Amino acid sequence: MKADTKTMLVVGGSSEIIRPTILCFHKEGYKICFTSSSQESLDKTLQGFNEDIPQIKGYKLDLMQDSASSTFAGILQKVQPDVLIVAAGFLPLNNQLLALKRTLTVNFTAVAEILACAAEYFAERKSGTVIVLSSVAGDRGRFSNFVYGSAKAGLTAFLSGFRAYLFHHGVHVMTVKPGIVSTRMTQQMMGYKKSLLWSDPDKVGRQIFAAFKRRRNVVYAPGFWRLIMTIFRLIPEWIFKRIKI
């Protein structure tokens, strides 16, 4: 490995959306490290990448554990990444209110805590990039997933201020808002019905890398979701509350 080789750390390396992004960074010469929430997921992800990225390294990080932020801080100091991607997420399959704590923790509060650790690290080095996956669901609370949406809304707002804070330390922060992407998680939650609104994870993953190269601030993936969510936000509340979407 060359002395000037850059390193990327991915929190949530088993994400189907982020896999093509990881491969793009690998082709650019980045050393790849990632975390997964369980040993089973860690082993499976390592096996899945082994052929394409033989030297990939994995670490266990469970965001539901109280020790998650201290565990992450240790991983951060060990890996010393130039780029941090946070792709962790949880979408409840059944009653969203019953899964409220896990939904809010994995999608927002635990992510905010590890980003606080990352802020200290990146501010000290005065360079680098932080990429975080939020969601279009955070643009407006909807009947079908308002708990998940509220977590992502909080994350999006957090990232806006986080970006401003790290900008003054020479660090770039990019918020990614994927729409409905065809992954195992969304297919189980929504039932798979092919339509124009469903996107291929490979295409979205490559779009994330392209946006990184252009140093974008907020990215809708695919881009047409920006228009869709603008329309959603313009619908009056007295009408919107009657729509079961």
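Since the model is a prediction, treat every value here as computed from it, not as a measurement.

Draft legend 1. Fine view of unusual backbone geometry. The peptide bond linking Ala221 to Pro222 adopts the cis configuration, its omega dihedral lying at -10°. Tracing the backbone shows Pro222 in the loop between β7 (218-221) and α8 (224-234). Here the phi dihedral of Lys126 falls at roughly 60°; this positive angle occurs in a residue that is not glycine. Note on placement: Lys126 falls in the loop between α4 (100-125) and β5 (129-133).

Draft legend 2. Local environment of the sheet that holds β5. Read from one edge to the other, the open sheet built from seven strands follows the order β3-β2-β1-β4-β5-β6-β7, with strand pairing classed as parallel. At either margin of the open sheet sits one strand with a lone partner, and together these are β3 (57-60) and β7. Across the sheet, the mean angle separating the axes of adjacent strands is 20° when strand polarity is ignored. With five bridges joining them, strand β1 (residues 7-11) and strand β2 (residues 31-36) adopt parallel strand pairing. When the sheet's bridge partners are listed, Val10 is paired in β2 with Phe34. Its contacts with the sheet put helix α3 (residues 68-79) on β1, β2, β3 and β4 (83-86), and the angle it makes with β1 is roughly 165°. In the packing of α4 onto the sheet, the strands contacted are β1, β4 and β5, and the crossing angle to β4 comes to about 175°.

Draft legend 3. Representation of the pattern of salt bridges in the model. The full count for this structure, using the stated rule, is six salt bridges. With a shortest N-O distance of 3.0 Å, Asp82 and Arg125 are connected by a salt bridge. Residue Asp82 is located in the loop between α3 and β4, and its partner Arg125 is located in helix α4; the two are separated by 43 residues in the primary sequence. Residue Arg125 is classed as partly exposed on the basis of its relative accessible area, which comes to 29%. Asp139 serves as the salt-bridge partner of Arg233, at 2.9 Å between the closest nitrogen and oxygen. Here the residue Arg233 occupies a position in helix α8, and Asp139 occupies one in the loop between β5 and α5 (146-167), the gap between them amounting to 94 residues. For Arg233, a relative accessible area of 39% corresponds to the partly exposed category.

Draft legend 4. Spatial organisation of the packing of helix α1 (residues 19-27) against helix α7 (residues 201-213). Contact pair α1 / α7: the axes reach a minimum separation of 7 Å and the direction vectors enclose 45°. Judged by the inter-axis angle, α1 sits oblique to α7. For the crossing formed where α1 meets α7, the hand is right-handed. Touching Pro20, Thr21, Cys24 and Phe25 of α1 are Pro201, Asp202, Gly205, Arg206, Ile208, Phe209 and Phe212, all from α7. When the residues that make up the contact of α1 with α7 are grouped by side-chain class, the tally is seven nonpolar, two polar and two charged.

The rules behind these values
- Residues numbered from 1 in each chain as written.
- Predicted model: local features only at pLDDT ≥ 70, side-chain atom pairs only at ≥ 80, totals over all residues.
- Heavy atoms only, no water.
- Helix = DSSP H or I, 4+ residues; strand = E, 2+ residues; numbered from the N terminus.
- Pairing = 2+ DSSP bridges.
- Axes fitted to C-alpha atoms, helices over the stretch in contact; angles between N-to-C directions.
- Contact = heavy atoms within 4.5 Å.
- Salt bridge = Lys/Arg side-chain N within 4 Å of Asp/Glu carboxyl O.
- Buried < 20%, exposed > 50% of the residue type's maximum accessible area, 1.4 Å probe, protein only.
- Parallel < 35°, antiparallel > 145°, perpendicular 65-115°, else oblique.
- Left-handed = near helix turned anticlockwise from the far one by under 90°.
- Nonpolar A, V, L, I, M, F, W, Y, C, P; charged D, E, K, R; others polar.

Purely geometric stuff here, so don't read any function into it on its own.
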